[in-house]
Each structure stands twice: as C-alpha cells, then as structure tokens.
Amino acid sequence: SEGKSVSKYPLRLVYVENTEPNTELIKMGVSVSKKYFKKAIDTIHRDAQNNRISGAQYQTSPFAVRFVKKSNALLSMMHETNTCMIELDLGSGTYGGYEILNRFQRHMYALSGRPHWGLEFDQLTGSNDLISALYPKLADWKKIYQQFNVKGTFNSPFTDRVGFSKAEYKPN
C-alpha cells in the first residue's frame, strides 16, 4: 500500500506526505454540551473508522477538543451551557474532505451540536428552521440585529444566506 505508518499500541497512523504546494486546511468546528462530549468523541472515532472502511476516506489530521464556559450571548455556540468545542481539520486535497466534514457536522446535530459560524458548510440556511432550533433566542437576537443594522452595515454573505440581511426591493 501507498504511504507510511507509525504504530503505538493501540493506535496506528497511516500517512502519505503531501507534496502539494497548497497546504491549506479545510475546517469545521462544533460545540456540544459538556454532558455529550464523550458521545461526540465516540461518534467522530466511529465515523472516521466507517469512512475508512466504506469509502477509503481518511481523517488527515488530528482533531482538537477544549472546554468552554457558558455564555449569555444570544447566538453563541456556548449559549447558556458549558460546552466541549471540537475542531476538525483536514489537509487540502483530502479525498472526500468536505463530505467527511459535512457528515461529522450532521452527526453532531443529533447531540445538540452547534456549528461554528465561520467553519460550517452552508447547511445553515434560512429555509430549514435549523438555526431557530439551535438558537432558541434567535428572535430576540434578530430584533437587536435589525435595530443596529438599519443601513446594512453588518450584512455579509453569511447573513444573506441565512436570511438575516434585509434587502430593499423597489418595484418599477
């Protein structure tokens, strides 16, 4: 087989050196309630194993775990709950990389996972009610957003996609 491996029981790392000049990572981040962090880690391990067995898709870098105190910020990933933040990165050129990260993100929703706003893959839209399910105080936040965004100062491609931005339409 192609590549090299390193073993330290019970783990085995198989890798292929990336000779591509582009070494960017594709990333996703999610927070899960501290009470679900063990299930989340087990899910990631199980998904990585299933990906390898069924589709020759490999997790090409380690994932990071950190614990963060709850926040009162209305759209915070840590809103009103202590969380475990999980960041998954894959090397550029990872076979099926976006598919792998999308699968991880979807599986974290089943554990009340909230995606990192800047590291999610367009699953959050204004049309599927997922945002309001993830953030029960969304209506309160939108009122504040509209109050301070009268001129569109805080509009972005993300706020456009999720339907937060308000566009003015002037008929002929």
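Everything below is about the structure printed above this text.
Rules used throughout
Residues numbered from 1 in each chain as written. Predicted model: local features only at pLDDT ≥ 70, side-chain atom pairs only at ≥ 80, totals over all residues. Heavy atoms only, no water. Salt bridge = Lys/Arg side-chain N within 4 Å of Asp/Glu carboxyl O. Helix = DSSP H or I, 4+ residues; strand = E, 2+ residues; numbered from the N terminus. Buried < 20%, exposed > 50% of the residue type's maximum accessible area, 1.4 Å probe, protein only. Core = buried A, V, L, I, M, F, W, Y, C linked by side-chain atoms within 4.5 Å.

*Asks:* For this particular structure, what's the right way to read the pattern of salt bridges?
*Replies:* Should the charged atoms of two oppositely charged side chains come close, the side chains can pair. Counted under the stated rule, the structure contains 2 salt bridges. Linking Arg66 and Glu87 is a salt bridge whose minimum nitrogen-to-oxygen distance equals 3.2 Å. Taken together, the residues Arg66 in strand β4 (residues 63–68) and Glu87 in strand β5 (residues 83–91) connect sequence positions 21 residues apart. Classification of Arg66 by relative accessible area gives partly exposed; the value is 43%. The salt bridge involving Arg103 is made with Glu99; its shortest N-O contact spans 2.7 Å. Here Arg103 and its partner Glu99 are both found in helix α2 (residues 97–109), 4 residues apart, which amounts to about one turn of the helix. Here Glu99 falls in the partly exposed class, since its relative accessible area comes to 44%.

*Asks:* What's the story with the nonpolar core in this structure? I'm lost.
*Replies:* General note: in soluble globular proteins, nonpolar side chains tend to be found buried as a group. Formed by 16 residues in total, the largest nonpolar core has its most connected members in Val32, Ile86, Leu88, Leu101, Phe104 and Met108. Of all the secondary-structure elements, those providing two or more residues to this core are β3 (25–33), α1 (37–55), β5 and α2. Listed in part, the 15 residues of the second largest apolar core include Tyr109, Leu124, Leu130 and Val162.

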